[in-house]
Amino acid sequence: PGLGDRQRLAVGRCACADDSLASRRQRCLSPEALRGEELWLDGYNVLMVLEAALGGGVVLVGRDGCCRDVLGIHGSYHRVQETGPALRLIGELTQGWGVSGCHWWLDQPVSNSGRLRAAILEVAGVSGWNWQVDLVMNPDAVLAEASQVVVTADSAILDRCQRWVNLGRVGIARSIPRTRLV
């Protein structure tokens, strides 16, 4: 018997070719190298994996070391009780790394993006973090061409961006050690 739909999805999210793996590793920065840098975040990608980890869900670890959620987003985003803690975790990590700011990019076509933008800015405002949030039709295109350090686990972006940091993996390792990693 072959693999089921979820199993094929998991394999697809975790696999990458040898040349992609080598290139991703070469361009991945350590948190210690981020002082003074502005991070550009693939908003839904980064947030949803930390929400899954905080909520006790399964998190996939790809061959490239990136953590990915199993579900993905399908046209609509709904805030969950883990959203606030995930945003604070991102803020605490990036503040500790000494970044100059975080620029979040959200998919405008996804339902509730405006509400998530407001929630992100509210958490940043309360904590005094230098965060900006933009809603755009295709954040992947923006992030793939960015000269700033990118935060994502999206393969299409990782294969094209200049520099990136594995915030999901670092955040889970440091702050959510009981995550169900597969």
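Below or above, wherever it landed, is the structure these notes cover.

### Quick word on the sheet that holds strand 1 (residues 28-29)
Turning to step 1, where the next piece is worked out: Ordered in space as 1-8-7-2-5-6, the 6 strands form an open sheet in which the pairing is parallel. Edge positions in the sheet fall to strand 1 and strand 6 (131-136), since each has one partner strand and no second.
Turning to step 2, where the next piece is worked out: Pairing analysis gives 3 bridges linking strand 2 (residues 38-42) to strand 7 (residues 149-151), with the strands arranged parallel. From the neighbouring strand, Leu-39 faces strand 7, where its bridge partner is Val-149.
Turning to step 3, where the next piece is worked out: The strands touched by helix 4 (residues 83-97) within the sheet are strand 2, strand 5 (101-107), strand 6 and strand 8 (164-165), with strand 6 carrying the most contacts at an inclination of about 125 degrees.
Turning to step 4, where the next piece is worked out: Set on the sheet, helix 5 (residues 113-127) makes contact with strand 5 and strand 6; between it and strand 6 the angle comes to about 175 degrees.

### Let's talk about the pairing of strand 2
Turning to step 1, where the next piece is worked out: Most of strand 2 is tucked away: 4 of the 5 residues are buried.
Turning to step 2, where the next piece is worked out: Sheet topology places strand 2 next to strand 5; 5 bridges connect them, and they run parallel. Considered in strand 5, the bridge of Glu-38 is made with Gly-101.

### Considerations on the packing of aromatic side chains
Turning to step 1, where the next piece is worked out: In total, this model carries 4 aromatic pairs according to the counting rule given.
Turning to step 2, where the next piece is worked out: Pairing Trp-40 with Trp-105 gives two aromatic rings, centres 5.0 Å apart and planes at 45 degrees, and the pair type is tilted. One end of the pair, Trp-40, is in strand 2; the other, Trp-105, is in strand 5, with 65 residues separating them in the sequence. Like Trp-105, Trp-40 is buried.
Turning to step 3, where the next piece is worked out: Seen from their ring centres, Tyr-44 and Tyr-77 are 5.2 Å apart, and the 50 degrees between their planes marks the pair as tilted. Of the two residues, Tyr-44 is situated in helix 3 (residues 43-54) and Tyr-77 in the loop between strand 4 (67-69) and helix 4; the sequence distance between them amounts to 33 residues.
Turning to step 4, where the next piece is worked out: Among the residues examined, Tyr-44 registers a relative accessible area of 3% and is labelled buried.
Turning to step 5, where the next piece is worked out: Judged by relative accessible area, which is 4%, Tyr-77 ranks as buried.

### Things to note about the pattern of salt bridges
Turning to step 1, where the next piece is worked out: Under the counting rule described, the total for this entry stands at 6 salt bridges.
Turning to step 2, where the next piece is worked out: Its salt-bridge partner being Arg-24, residue Asp-159 comes within 2.8 Å of it at the nearest N-O pair. Of this pair, Asp-159 sits in the loop between helix 7 (155-158) and strand 8 while Arg-24 sits in helix 2 (residues 18-27), and the two are 135 residues apart along the sequence.
Turning to step 3, where the next piece is worked out: Between Glu-145 and Arg-160 there is a salt bridge, with the nearest N and O atoms lying 2.5 Å from each other. In this pair, Glu-145 sits in the loop between helix 6 (139-144) and strand 7 while Arg-160 sits in the loop between helix 7 and strand 8, placing the two residues 15 residues apart along the sequence.

Thresholds applied
Residues numbered from 1 in each chain as written. Predicted model: local features only at pLDDT ≥ 70, side-chain atom pairs only at ≥ 80, totals over all residues. Heavy atoms only, no water. Pairing = 2+ DSSP bridges. Helix = DSSP H or I, 4+ residues; strand = E, 2+ residues; numbered from the N terminus. Contact = heavy atoms within 4.5 Å. Axes fitted to C-alpha atoms, helices over the stretch in contact; angles between N-to-C directions. Buried < 20%, exposed > 50% of the residue type's maximum accessible area, 1.4 Å probe, protein only. Phe/Tyr/Trp six-rings, centres within 6.5 Å; stacked < 30°, edge-to-face > 60°. Salt bridge = Lys/Arg side-chain N within 4 Å of Asp/Glu carboxyl O.

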